[in-house]
Amino acid sequence: GTTGAGAPLKGLELKSEDPNLEINVTPTYYGDTPESGDLPMQAVQISLGGAQAGNYDVYYRSHVKTYGWLDWANDGALSGTTNQNLWIEALEIKVLPKGAIVPGSGERAAVTAVDTDEGRMLLMINNLRRNRGLSLLTSQEKLNVAAQLRGEELEENFDHERPDGTTYYDVLEDVEYRSDDLAPALGELIVKTDDPVVAFLSLSRKTSALQQMLTGYYDYFAFAPTDNGSVLLFSDTPANS
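Our subject in this report is the structure included herewith. (Residues numbered from 1 in each chain as written. Predicted model: local features only at pLDDT ≥ 70, side-chain atom pairs only at ≥ 80, totals over all residues. Heavy atoms only, no water.)

### Structural notes on a negative patch on the surface
Here's step 1: On the surface, Glu155, Glu156, Asp194, Asp195 and Asp227 cluster together into a patch of negative charge.
Here's step 2: Taking relative accessible area as the criterion, Asp195 reaches 32% and is therefore assigned partly exposed. (Patch = residues over 30% accessible without salt bridge, like charges linked within 9 Å, V, L, I, M, F, W, Y side chains within 5 Å. Areas by Shrake-Rupley, 256 points an atom, 1.4 Å probe, with all protein chains shown as cover. Salt bridge = Lys/Arg side-chain N within 4 Å of Asp/Glu carboxyl O. Lys, Arg positive; Asp, Glu negative; His and termini not counted. Charge placed at Lys NZ, Arg CZ, Asp CG, Glu CD. Buried < 20%, exposed > 50% of the residue type's maximum accessible area, 1.4 Å probe, protein only.)

### Looking at the sheet that holds strand β1 (residues 22–29)
Here's step 1: In spatial order, the strands read β1-β2-β6-β8; together these four strands make up an open sheet with mixed pairing. Two strands bound the open sheet, and with one partner strand each, they are β1 and β8 (110–112). Geometrically, the sheet is characterised by an average inter-axis angle of 20° between neighbouring strands, direction not taken into account.
Here's step 2: Relative to β8, strand β6 (residues 79–82) runs parallel, the two sharing three bridges. (Pairing = 2+ DSSP bridges. Helix = DSSP H or I, 4+ residues; strand = E, 2+ residues; numbered from the N terminus. Axes fitted to C-alpha atoms, helices over the stretch in contact; angles between N-to-C directions.)

### Re the packing of aromatic side chains
Here's step 1: Summed over all chains, the structure comprises three aromatic pairs.
Here's step 2: When the ring of Tyr217 is compared with that of Tyr218, the centres are 5.1 Å apart and the planes differ by 70°; the resulting orientation is edge-to-face.
Here's step 3: Taken together, a centroid distance of 5.4 Å and an interplanar angle of 55° make the contact between Phe221 and Phe234 tilted. Taken as a pair, Phe221 in strand β11 (residues 220–226) and Phe234 in strand β12 (residues 229–235) lie far apart in primary sequence, 13 residues in all. Here Phe221 matches Phe234 in class, with each residue buried.
Here's step 4: Here a set of aromatic residues connected by ring pairs shows up, and it is made of Tyr217, Tyr218, Phe221 and Phe234.
Here's step 5: A cation over a ring is seen here: Arg61 above Trp69, with NZ or CZ 4.4 Å from the ring centre.
Here's step 6: Taking NZ or CZ as reference, Lys192 lies 4.9 Å from the ring centre of Phe158, over its face. (Phe/Tyr/Trp six-rings, centres within 6.5 Å; stacked < 30°, edge-to-face > 60°. Lys NZ or Arg CZ within 6 Å of the ring centre and 35° of its normal.)

### Re the nonpolar core
Here's step 1: Ranked by internal contacts, the top residues of the largest apolar core, which has 19 residues, are Met121, Ile125, Phe221, Leu232 and Phe234.
Here's step 2: At the level of secondary structure, the elements contributing two or more residues to this core comprise α1 (117–131), β10 (186–191), α4 (196–204), α5 (207–213), β11 and β12.
Here's step 3: Sort the elements by how many residues they give to this core and α1 lands first, with five residues.
Here's step 4: The contacts of Ile125, once residues within four sequence positions are left out, are Leu137, Phe200, Met213, Phe221, Leu232 and Phe234.
Here's step 5: Grouped together as the second largest cluster of nonpolar side chains are 18 residues, Leu21, Met41, Val58 and Tyr60 included. (Core = buried A, V, L, I, M, F, W, Y, C linked by side-chain atoms within 4.5 Å. Contact = heavy atoms within 4.5 Å.)

### Looking at the pattern of salt bridges
Here's step 1: Evaluated as defined, the whole model comprises nine salt bridges.
Here's step 2: Across the salt bridge formed by Asp174 and Arg162, the nearest N and O atoms sit 2.6 Å from each other. Separated by twelve residues along the polypeptide, Asp174 in helix α3 (residues 171–174) and Arg162 in the loop between α2 (141–153) and α3 bring together distant segments of the chain.
Here's step 3: Since its relative accessible area comes to 3%, Arg162 is described here as buried.
Here's step 4: One salt-bridge network, in which partners are shared between bridges, spans Arg150, Glu153, Arg162, Asp174 and Glu188.

### Overview of the pairing of β10
Taken residue by residue, a regular strand's side chains alternate between the two faces of the sheet.
Here's step 1: Within β10, six of the six residues are buried, which leaves it mostly tucked inside the rest of the structure.
Here's step 2: Residue alternation in β10 divides its side chains into two sets, Leu186, Glu188 and Ile190 and Gly187, Leu189 and Val191, and both sets are buried.

Shown next, in the form of structure tokens:
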């Protein structure tokens, strides 16, 4: 695969040179389905079979959009992400004899949506959008930086106007979101709680906030819960810097 190019893996086939050792691959594609339909891979499970399977372990790790390299999974465990609209960009795989030195930690081999506050919020909003037939949002790392900055500013001024008198839109310039003249659309929601479930329920009861979450042309998303409240940012354009 590749790293840093934003190119997803859309399939994987592995073959062993040993006829007594089989390598089994179980990919999961967008929508957590086993069928590709030319969709990016979100997660993968790799296991061994055949007469020699008991003599080896297979270790593998995924490079995932937004998260980078995850820790090592092994022998059928999940590697990658679920329910976050993030794809695997590259895989590293090692077949090692039983008892060999483990290549690294397996603590964070997979990241599920419920592992992070942003993931929980993203899952809830995407469920809403899926039910309305809308495209699903994707987490955006640079947008996350902007959301964190806005969260810090809420302590001084809980408003869409920033403490320096500019609007929330100008946060994109502060985090160098784009290096060209393109002007992305940007939507912002703020709510006085750091709990993603409470925030979602509160916002979904407000017509204007619900319309923001269901805006059809938004593709990218960030959620920053802070002690001052939570910030949700939406954009139609990815960062390029």
